[in-house]
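# Tertiary structure, described
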Amino acid sequence: MQDHTQWWKFQKGANWKNPWGPGSSIDGKDDYPVVHISWNDAQAYCEWAGKRLPTEAEWEYACRAGSETAFSFGDDSSQLDEYAWYANNSNDKYQQVGTKKSNEWGLHDMHGNVAEWTLDQYIPTAYRKRKAGVSNPLSEGEKVYPKVVRGGSWMSNPHRLRSAARQPSSKKWKKSM
């Protein structure tokens, strides 16, 4: 299960203010994902922890776990209920982490539950570089938004949960910038 201890230490040590107000879902609870944070917040946490956000190619590599199919478990979307929280089974809310099957590398919630930030700026044509032999085409631009989010969420339809599905963030997501 996910341990929020590090997130709480970051919040306290960085004097981080919750932009959504006290008691909002960003404050989370143990074993549930931290939600409603901006890309800048995620980036600040990673820097505090001595890490960085994954590029979208790194995220996809981890999600696929060696597979070449639409989902880490194959091409049959009827199996999603076993692996993902999404629009059809989430009761319109995010769920406890790790309660669905993991991928082959032991990673949970790569398909659904909450969408995840990547390092890349969203450029619609960025993945054309992959066809040209570039395996990790980091897309950096002058703008902070839109950024690429991966994995879909508890509100997503099955096509948004595919390992290769990519989505641009929205300007309304940058509330705490």
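Within each chain, residues carry numbers counting from 1 in the order of the written sequence. For this predicted model, a pLDDT threshold of at least 70 governs which residues receive local features, and a threshold of 80 or more governs which side-chain atom pairs are given and counted, while totals over whole chains, interfaces and linings are taken from all residues. Only hydrogens and water are set aside when side-chain values are computed; all heavy atoms of the structure are taken into account.

## Some points on the packing of aromatic side chains
- For Phe, Tyr and Trp, rings pair up if their centres lie within 6.5 Å, where Trp contributes its six-membered ring, and each pair is then called stacked (planes under 30 degrees apart), edge-to-face (over 60) or tilted (otherwise). Overall, the coordinates contain six aromatic pairs when judged by the stated rule.
- Seen in terms of ring centroids, Tyr 45 and Trp 48 are 5.8 Å apart; in terms of plane orientation they differ by 35°. Their pairing is tilted. Taken together, the residues Tyr 45 and Trp 48, both in helix α2 (residues 39-48) and three residues apart, mark about one turn of the helix.
- A ring pair is formed by Phe 73 and Tyr 83, whose centres lie 4.2 Å apart and whose planes are at 15°; its orientation type is stacked. Note that Phe 73 is positioned in the loop between α3 (56-64) and α4 (80-83) and Tyr 83 in helix α4, a separation of 10 residues in sequence. Tyr 83 carries the same exposure label as Phe 73, and that label is buried.
- Here the aromatic residues Tyr 32, Tyr 94 and Trp 154 are joined through ring pairs into a cluster of three or more.
- Here the basic side chain of Lys 100 rests over the ring of Trp 85, its NZ or CZ set 4.2 Å away from the ring centre. Going along the chain from the N terminus, every DSSP run of H or I of four or more residues is numbered as a helix, and every run of E of two or more is numbered as a strand. Exposure classes here rest on a 1.4 Å probe applied to the protein chains alone. A residue is buried below 20% of its type maximum, exposed above 50%, and partly exposed in between. In this scheme, Lys NZ or Arg CZ marks a charge over a ring once it lies within 6 Å of the ring centre and within 35 degrees of the ring normal.

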